[in-house]
Amino acid sequence: MAEDDPYNRKAKDEDNDDLAHDRTDMAEDRTVMAVERTFAGWMRTSFGAIGIGLGFNALFDAVQPWWVARAIATVFIVLAAALAVVAQHRARKALGRMSGHAVDRPDAPHLCYIAWSVCAGALTLILAIWFLLDAVSSGGSGSGSG
């Protein structure tokens, strides 16, 4: 007879609504964490591209003409900087549509700081590859003359 009571049905429906909202909130929290992991994955890929560029330059530095290894290394390092910028843009865009409930959302400026730090590091490496290596290897006269 308690099952026929309309008041019990209403309470049961409210419990189901609360559970549905809880499940939705938990799903959004999982998505926030997935966006964080994806951003971290893009950053790892960016660092991998920097490593490939530096490794290529180190292994094939003796290739003639002298600028070929540096140009290929520069392409990989520029790719790394582009990956960092695209990753932070996509992460900020995705996180802007969500709100964390039980987890803390990363702040958008922190994602920018990380991405732009990678870009600054990449630019520094490119300058070091093209200008500092010349000065170190030839005592300041540059190796591009021969």
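Residues numbered from 1 in each chain as written. Predicted model: local features only at pLDDT ≥ 70, side-chain atom pairs only at ≥ 80, totals over all residues. Heavy atoms only, no water.

If you look the protein up in an unreviewed UniProt entry, it shows as DUF202 domain-containing protein from Croceicoccus marinus. Listed in UniProt under the heading Subcellular location (unreviewed entry), the comment for the protein reads: "Endomembrane system". (UniProt positions renumbered as here; feature names shortened; annotations may be inferred.)

> Lay out the UniProt feature "transmembrane region" (unreviewed entry) in the protein with the relevant residues and their values.
According to UniProt, the "transmembrane region" (unreviewed entry) feature falls on residues 39-60, 66-87 and 108-133. Annotation note: span residues 39-60, helix share 95%, strand share 0%, distance between end C-alpha atoms 32 Å. Note that residues 66-87 is 95% helix and 0% strand, and that its end C-alpha atoms are spaced 33 Å apart. (Helix = DSSP H or I, 4+ residues; strand = E, 2+ residues; numbered from the N terminus.)

> Please give an account of a nonpolar patch on the surface that cites residues and values.
Together, Leu59, Phe60 and Val63 make up a nonpolar patch on the protein surface, roughly 280 Å² of accessible area in all. Among the secondary structure elements, leucine 59 is positioned in helix α1 (residues 6-59). Under the relative-accessibility criterion, leucine 59 is labelled exposed at 68%. (Patch = residues over 30% accessible without salt bridge, like charges linked within 9 Å, V, L, I, M, F, W, Y side chains within 5 Å. Areas by Shrake-Rupley, 256 points an atom, 1.4 Å probe, with all protein chains shown as cover. Salt bridge = Lys/Arg side-chain N within 4 Å of Asp/Glu carboxyl O. Buried < 20%, exposed > 50% of the residue type's maximum accessible area, 1.4 Å probe, protein only.)

> Tell me about the packing of aromatic side chains, and name the residues and values.
Inspection of the entire model under this criterion finds two aromatic pairs. Note on phenylalanine 56 and phenylalanine 60: the rings are 4.7 Å apart at their centroids and 40 degrees apart in plane angle, and the pair reads as tilted. On the basis of relative accessible area, phenylalanine 60 is assigned to the partly exposed category, the value being 37%. Geometrically, the ring pair formed by tryptophan 66 and tryptophan 130 is edge-to-face, given 6.0 Å between the ring centres and 75 degrees between the ring planes. Taken together, the positions of tryptophan 66 in the loop between α1 and α2 (67-96) and tryptophan 130 in helix α3 (residues 108-138) put the pair 64 residues apart, joining distant regions of the chain. Owing to a relative accessible area of 22%, tryptophan 130 belongs among the partly exposed residues under this scheme. (Phe/Tyr/Trp six-rings, centres within 6.5 Å; stacked < 30°, edge-to-face > 60°.)

> Can you explain unusual backbone geometry? Please cite residues and give values.
The amide bond that connects glutamine 64 to the next residue, proline 65, takes the cis arrangement and shows omega of -5 degrees. Following the sequence through the fold, proline 65 ends up in the loop between α1 and α2.

> Lay out the nonpolar core in plain terms, naming residues and giving numbers.
One finds Val35, Phe39, Met43, Leu95 and Met98 to be the most contacted residues of the largest nonpolar core, which totals 16 residues. The residues touching methionine 98, leaving out its near neighbours within four places in the chain, are Glu28, Thr31, Val32, Val35 and Arg105. (Core = buried A, V, L, I, M, F, W, Y, C linked by side-chain atoms within 4.5 Å. Contact = heavy atoms within 4.5 Å.)

> Report on the environment of leucine 111, specifying residues and quantitative values.
Within the secondary structure, leucine 111 is located in helix α3. Take leucine 111: its relative accessible area is 7%, and that puts it in the buried class. Considered as a pair, leucine 111 and arginine 92 are 19 residues apart in the sequence and their alpha carbons are 7.5 Å apart.

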